[in-house]
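Chain residues, written in single-letter form:
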Amino acid sequence: MVTGGGGPGVAMAAWTVSANVFLLLVFPRVSHSQTFSFPFLQPESCGHNQYFDISALSCVPCGANQRRDARGTSCMCLPGFQMISNNGGPDFICKKCPENMKGITEDGWNCISCPGGLTAEGKCHCPTGHILVERAVNGTLLSQATCKLCDENENSFTVANALGNRCVRCEPTFINTSRSCTCSAPNILTGGLCFSNTGNFPSRVISSARYGDLGTSFTSEWFAKYLQSSAVACWVYANLTSCQALGNMCVMNMNSYDSTTFDACRLFQFIFENTAGLRTVHSISFWRQNLPWLFYGDQLGLAPQVLSTTPLPTNFSFKGENQNRKLKFVAASYDVRGNFLKWQTLEGGILQLCPDTETRLNAAYSFGTTYQQNCEIPLSKILTDFPSPIFYDVYLEYTDENQHQYIWAVPVLNLNLQYNKILVNQDSSSSKWLLTRRIFLVDALSGRENDLGSQPRLIRIATQISLSIHLVPNTKNGNIYPPLITIAYSDIDITDPSSQSVKVSFSVKYEMNQGEAQVQTDIALGVLGGLAVLSSLLKTAGWKRRIGSPMIDLQTVTKFLVYYAGDLANVFFIITLGTGLYWLIFFKAQKSISVLLPVPAQEERLVTYVGCAFALKALQFLHKFISQITIDIFFIDWERPKGKVLKAVEGEGGVRSATVPVSIWRTYFVANEWNEIQTVRKINPLFQILTVLFFLEVVGFKNLALMDSSSSLSRSPPSYIAPYSRILRYAVSTVLWLVIGIIQIMFFVVFYERFIEDKIRQFVDLCCMSNISVFLLSHRCFGYYIHGRSVHGHADTNMEEMNMNLKREAENLCSQRGLVPNTDGQTFQIAISSQMRQHYDRIHETLTRKNGPARLLSSSASTFEQSIKAYHTMNKFLGSFIDHVHKEMDYFIKDKLLLERILGMEFMEPMEKSIFYNDEGYSFSSVLYYGNEATLLIFDLLFFCVVDLACQNFVLAAFLTYLQQEIFRFMRNTVGQKNLASKTLVDQRFLI
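For every chain, the first residue of the written sequence is number 1, and numbering continues from 1 onward in sequence order. Only residues with pLDDT of at least 70 get local features here, since the model is predicted, and only at 80 or more are side-chain atom pairs given and counted; chain-wide, interface and lining totals rely on the full set of residues. Heavy atoms throughout the structure, all of them, feed into the side-chain values; hydrogens and water do not.

An unreviewed UniProt entry lists the protein under the name Meckelin, with Gulo gulo as the source organism.

**As for the overall build of the protein**
Just so we agree on the cut-off: A run of H or I in DSSP counts as a helix once it spans at least four residues, and a run of E counts as a strand once it spans at least two, with each numbered from the N terminus. When accessible area is computed with a 1.4 Å probe and restricted to protein chains, residues below 20% of their type maximum are described as buried, those above 50% as exposed, and intermediate ones as partly exposed. Note on areas: these come from Shrake-Rupley sampling with a 1.4 Å probe, and a residue is covered only by the protein chains present in the view.
A count of helical and extended segments in the protein gives 22 helices and 37 strands. Counting all 992 residues of the protein, 46% fall into the buried class. Surface accessibility of the protein: about 50,100 Å² in total, with carbon and sulfur atoms responsible for 57%.

**Topic: the layout of surface pockets**
Stated precisely, the cut-off is as follows: Using a grid of 1 Å spacing that covers the protein atoms alone, one calls a set of points a cavity when a 1.4 Å probe fits there but cannot get out, and a pocket when the set is open and has protein on both sides within 12 Å along at least five of seven lines; lining residues are those with an atom within 4 Å of a point. Grid points are joined across faces, edges and corners, and a volume is the space filled by probe spheres set on the points. In this classification, the charged set is Asp, Glu, Lys and Arg, the nonpolar set is Ala, Val, Leu, Ile, Met, Phe, Trp, Tyr, Cys and Pro, and all remaining amino acids, among them Gly, are polar.
Estimates place the volume of the largest pocket at around 1,300 Å³. Listed by contribution, the elements that provide at least two residues to the lining of the largest pocket are α9 (515–547), α10 (554–589), α11 (600–629), β34 (782–786), α20 (898–903) and α21 (933–951). Among the elements that line the lining of the largest pocket, the one with the most residues is α11, at 8 residues. Here the lining of the largest pocket is built from residues that sort into 16 nonpolar, 18 polar and 13 charged.

**Some words on the UniProt feature "transmembrane region" (unreviewed entry) in the protein**
What counts, and what does not: UniProt positions are given in the numbering used here, feature names are shortened, and annotations may be inferred rather than shown by experiment.
As annotated by UniProt and renumbered to match this structure, "transmembrane region" (unreviewed entry) occupies residues 561–586, 686–707, 727–751 and 936–963. Helix makes up 64% of residues 686–707 and strand 0%. Its end C-alpha atoms lie 30 Å apart. A helix fraction of 93% and a strand fraction of 0% characterise residues 936–963, whose end C-alpha atoms lie 14 Å from each other.

**Focus on the pairing of strand β33 (residues 772–777)**
Worth spelling out the cut-off: In this description, strands pair whenever DSSP reports at least two bridges between them.
Extensive coverage of β33 is indicated by the burial of 6 of its 6 residues. Bridge count for strand β30 (residues 632–637) against β33 is 6 bridges, and the pairing is antiparallel. Looking at the pairing, I633 lines up with L776 of β33. Taking the residues between adjacent antiparallel strands as the criterion, β33 and β34 are bridged by 4 residues.

**Re a nonpolar patch on the surface**
Keep this limit in mind: A patch is a set of surface residues, each over 30% in relative accessible area and not in a salt bridge, joined within 9 Å for like charges and within 5 Å for the nonpolar side chains Val, Leu, Ile, Met, Phe, Trp and Tyr. Throughout this description, the term salt bridge denotes a Lys or Arg side-chain nitrogen within 4 Å of a carboxyl oxygen of Asp or Glu.
Side chains of I742, M746, F747, V749, V750, F751, F755 and I756 sit close together on the surface and give an oily, nonpolar patch of about 790 Å² of accessible area. With respect to the helices and strands, M746 occurs in helix α14 (residues 726–755).

**Notes on the nonpolar core**
Going by this rule: What makes a nonpolar core is a set of buried Ala, Val, Leu, Ile, Met, Phe, Trp, Tyr and Cys residues whose side-chain atoms join them at distances within 4.5 Å. Whether two residues are in contact is decided by their heavy atoms, any of which lying within 4.5 Å being enough.
Ranked by internal contacts, the top residues of the largest apolar core, which has 127 residues, are L327, F329, F367, V394, I459, I461 and F944. The greatest single-element share of this core, amounting to 11 residues, is contributed by α10. With near-sequence residues (within four places) excluded, F367 lies in contact with F316, F318, R325, L327, I469, I480, Y510, I593, L596 and S709. In this structure, I760, V764, Y784 and F924 belong to the second largest nonpolar core, which totals 29 residues.

**As for the sheet that holds β33**
Condition: Convention adopted: a line fitted to C-alpha atoms gives each axis, helices being fitted over their contacting stretch, and angles between N-to-C directions are expressed from 0 to 180 degrees.
As summarised here, the arrangement of the 6 strands in space is β30-β33-β34-β35-β37-β36, forming an open sheet in which the pairing is mixed. The open sheet has two edge strands with one neighbour each: β30 and β36 (891–894). Between one strand axis and the next, the sheet turns through 25° on average, direction left out of account. The pairing of strand β35 (residues 827–831) with strand β37 (residues 914–918) spans 4 bridges and is antiparallel. Opposite A831, over in β37, you have I915 as the bridge partner. The strands that helix α12 (residues 665–677) touches are β30 and β33; relative to β30, the one it contacts most, it runs at about 145°.

**Quick notes on the pairing of β37**
The buried fraction of β37 amounts to 4 of the 5 residues, a majority that puts the element mostly inside the structure. Relative to β37, β36 is paired through 4 bridges, and the arrangement is parallel. Considered in β37, the bridge of I893 is made with F916.

**Overview of α9**
This is how the line gets drawn: Expected helix span is computed as 1.5 Å times (number of residues minus one).
A rise of 1.5 Å per residue sets the reference length of α9, with its 33 residues, at 48 Å; its end C-alpha atoms lie 47 Å apart and thus fit the reference within 8%. Within α9, the full set of buried residues consists of T521, L525, G529, A532, S536, T540, G542, W543, K544, R546 and I547. Considering only its buried residues, α9 is in contact with α10, α11 and β34. Of the residues flanking the end of α9, it is G548, one or two places downstream, whose phi is positive at about 70°.

**Some details on the packing of aromatic side chains**
How two aromatic rings sit relative to each other is given by the distance of their centres and the angle of their planes. For clarity, the threshold we go by: Pairing of aromatic rings covers Phe, Tyr and the six-membered ring of Trp, with a centre-to-centre limit of 6.5 Å; geometry is then stacked below 30 degrees between planes, edge-to-face above 60, and tilted otherwise. Whether a charge sits over a ring depends on NZ of Lys or CZ of Arg being within 6 Å of the ring centre and within 35 degrees of the ring normal.
Counted under the stated rule, the structure contains 51 aromatic pairs. Ring centres of F367 and Y510 lie 5.1 Å apart, and the angle between their planes is 70°; on these two criteria the pair is classed as edge-to-face. Taken together, the positions of F367 in the loop between α7 (358–362) and β21 (371–378) and Y510 in strand β29 (residues 501–511) put the pair 143 residues apart, joining distant regions of the chain. The pair formed by F367 and Y510 is uniform in burial state, with each residue classed as buried. Note on F748 and Y752: the rings are 5.4 Å apart at their centroids and 15° apart in plane angle, and the pair reads as stacked. Linking F748 with Y752, this pair stays in helix α14, spanning 4 residues, or about one helical turn. Y752 sits in the partly exposed class, given a relative accessible area of 25%. Clustering of aromatic rings is evident, with ring pairs tying together F614, F621, F625, F939, F943 and F968. Over the face of the ring belonging to W293 we find R437, whose NZ or CZ atom lies 5.0 Å from the ring centre. Of note, R729 hangs over the ring of Y724, and the distance from its end group to the ring centre comes to 4.7 Å.

Structure follows, in structure tokens:
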């Protein structure tokens with residue numbers, strides 16, 4: 001206590017000290033050496049005189065005159081001892097009863113004198129049929145307990161209840177059968193019920209549960225106890241719960257029917273057939289009064305009528321004010337004894353064994369969303385969560401035009417159902433199916449063999465549940481046929497539940513008849529395929545004219561097939577692109593539902609077309625690739641020697657004048673530039689791939705390929721992500737690839753080539769500046785010519801003269817560059833005569849006799865000199881040919897007809913004279929990547945799509961696409977260098 005002055009600071013200090021003392025008393029300091037572990041004990045590990053303390057989690061001794069109770073978590077008095085105090089805590093007091101009152105009351109608080117013997121617990125025991133009376137009517141404890149016999153006479157009909165503490169009325173079947181509370185022969189006692197042995201009801205009842213997956217059948221304790229009684233109660237008394245219980249046992253036996261045995265379903269069918277006089281429920285012929293609706297009937301062809309005859313009288317839509325995007329399934333649930341539990345919606349995962357968030361579970365019932373859920377569940381969890389099966393009759397709730405609510409029964413296709421030992425529901429023909437109604441998820445009850453309280457020997461689990469929704473053909477308002485639940489059960493032999501697990505799945509799929517779409521696709525394929533044949537024939541005819549051969553031989557047929565492969569690849573590509581765009585646009589953008597996405601099995605047709613398109617396009621690409629690396633090319637050097645120089649003569653010791661040699665470096669430079677432009681493209685392949693990947697993965701365009709109705713590019717993490725549609729993945733990636741590629745090409749042609757760099761035109765300019773022409777033959781009698789003859793006469797000059805020449809050309813002080821005087825035409829398509837080609841081949845054979853300069857350098861000097869001589873001969877011959885020196889091999893220049901340009905062929909054959917066609921479009925690029933951009937773009941696109949369709953991974957597809965581009969580019973450059981060196985005598989070591 002504080003006395004005197006000191007102010008608030010002293011008072012605060014005193015309060016702080018008091019608080020610290022309190023905290024130390026309540027929360028003692030933790031010693032640094034203290035550990036936080038203790039022995040692990042379970043209640044069953046405690047001794048007979050110990051109980052498990054639920055607070056300390058350890059075994060604690062019971063007090064005097066006490067022992068552990070049945071649960072093991074508290075104590076109870078020994079026999080002959082009464083409770084004095086029990087507040088639910090450790091203070092539990094027992095007191096010994098007097099010698100004249102050794103019995104203990106049922107509640108354990110009092111001692112009492114018993115009329116007979118004692119039980120093991122020290123309580124009074126009464127004979128069978130008697131009840132124990134310990135207290136008066138007003139609750140006063142009697143000094144001595146009495147045993148009262150229940151009155152079984154006709155006026156009372158009472159017996160002792162199961163606890164033996166009161167008399168209750170006998171079970172009605174006892175009274176109805178024997179007019180007493182006993183069921184004596186010849187009556188039958190089964191399942192706690194008494195029945196007469198007279199009548200036409202089957203007496204031999206099979207109480208076995210079938211487990212077809214394991215190939216076994218054994219007597220089920222549940223069936224042995226309740227099958228016959230439920231069947232008789234249903235048949236004789238029309239007991240509603242008994243009829244439901246009988247139906248449940250039929251469902252537990254997979255709705256299987258065998259005409260030779262009276263099992264659960266045979267008994268149900270017997271009752272159904274013999275109650276034909278009763279009225280039906282809701283005018284449904286398969287639903288008999290008092291009985292559950294289990295079957296649709298066994299007539300052949302009934303299933304297709306149920307599934308595809310009558311549409312549901314409701315509409316579904318994705319957008320709009322009256323949108324209807326929810327499948328409202330409800331189920332009437334029953335317990336195994338036949339008691340109705342409640343109506344419940346299927347939302348929240350009622351039929352989904354895999355755990356997940358409520359949002360993802362409920363996404364299964366969003367119309368148009370293809371749903372797939374798979375998981376693996378420990379068997380121990382299933383046994384804990386489903387000790388007794390719950391049965392469901394599923395309905396689809398809908399609202400009609402007058403806003404009245406109705407429900408439509410949902411049929412079930414049980415794949416385990418056997419009809420006379422045949423699995424009819426696994427037949428591919430739906431006309432043989434037998435549809436049912438009731439389902440369950442887990443049956444751990446019928447697998448108990450001897451004791452209903454023991455662990456089941458076998459367990460049956462619904463491992464596959466699939467909900468199918470079929471769209472009505474040609475509907476414009478989103479009408480559907482009744483949904484179908486397809487269910488498959490697995491039978492599991494229980495050995496070690498803690499280590500066993502089971503894989504389960506739940507799916508929802510949407511289907512529509514694809515017959516009309518397939519017919520339209522076939523028509524388009526036939527029409528476009530026919531046009532492809534005509535196109536290939538024209539290309540083959542043009543090729544025949546260009547090689548100068550009129551004969552139709554094996555090579556001609558092979559060439560036609562190669563051309564047809566390329567054209568047919570374009571046909572398949574157009575059809576698949578159109579199909580993908582159709583599904584992407586019409587499914588995602590529709591308001592009232594008229595189309596649904598193809599299921600994976602229906603997608604196989606399009607995937608096959610894509611594979612065909614890729615294979616054929618790859619063949620076309622390889623054909624072009626090989627054609628480009630095997631062309632004949634020669635660089636014509638127009639440069640002439642400038643004067644003479646003195647040159648030492650070996651072996652003679654003197655000098656003599658010789659012509660100044662022409663530099664080869666200009667030819668090497670042009671050859672290098674030609675080698676560089678071989679793989680120039682109108683797009684940047686790396687940019688193309690990265691941009692497509694960016695839009696798919698980062699922007700989220702890949703979400704348009706999800707099998708749901710949403711057109712959003714993003715999905716929230718908690719929401720359900722539907723599986724991808726291969727058709728939509730193909731459509732989205734194809735459209736992105738083409739759009740980005742076309743934008744690149746437009747940018748390249750419109751802007752880049754005009755204002756930055758045009759490598760094709762630059763190459764033509766380089767040829768002119770280098771005074772070198774390019775003579776190129778892509779076919780035997782057809783090719784291209786680039787006129788590079790300098791208008792200044794010489795190109796091997798100094799910088800000053802070069803600048804002067806350029807200035808004169810810019811000021812139009814010299815002639816134009818064209819082959820024809822006063823024209824600018826430098827590029828031509830050429831069709832040479834056979835005579836010209838033969839002369840070219842004779843010279844070229846000598847030029848390439850040793851297969852290129854690498855072999856020539858190591859050969860004898862005479863061979864090398866012969867090759868040099870052949871090179872100059874070819875240079876002189878081609879130069880003189882261009883200058884019209886050879887009248888017998890002359891040429892003339894003309895323009896191509898419009899039709900010739902369109903068809904890509906020449907109508908006029910070069911019989912006596914060769915023909916040079918003016919070519920302002922630089923079509924010599926057709927022997928380069930540059931002129932085949934469409935083929936390359938589609939080939940890369942199809943390669944990307946095929947990889948993605950195979951692995952469902954855009955990143956991997958992008959990587960492999962880039963890898964193949966680089967491989968082919970490297971091969972093109974490498975092989976192109978070798979071909980260039982062998983054709984032109986340019987040393988490959990100088991090609992970069």
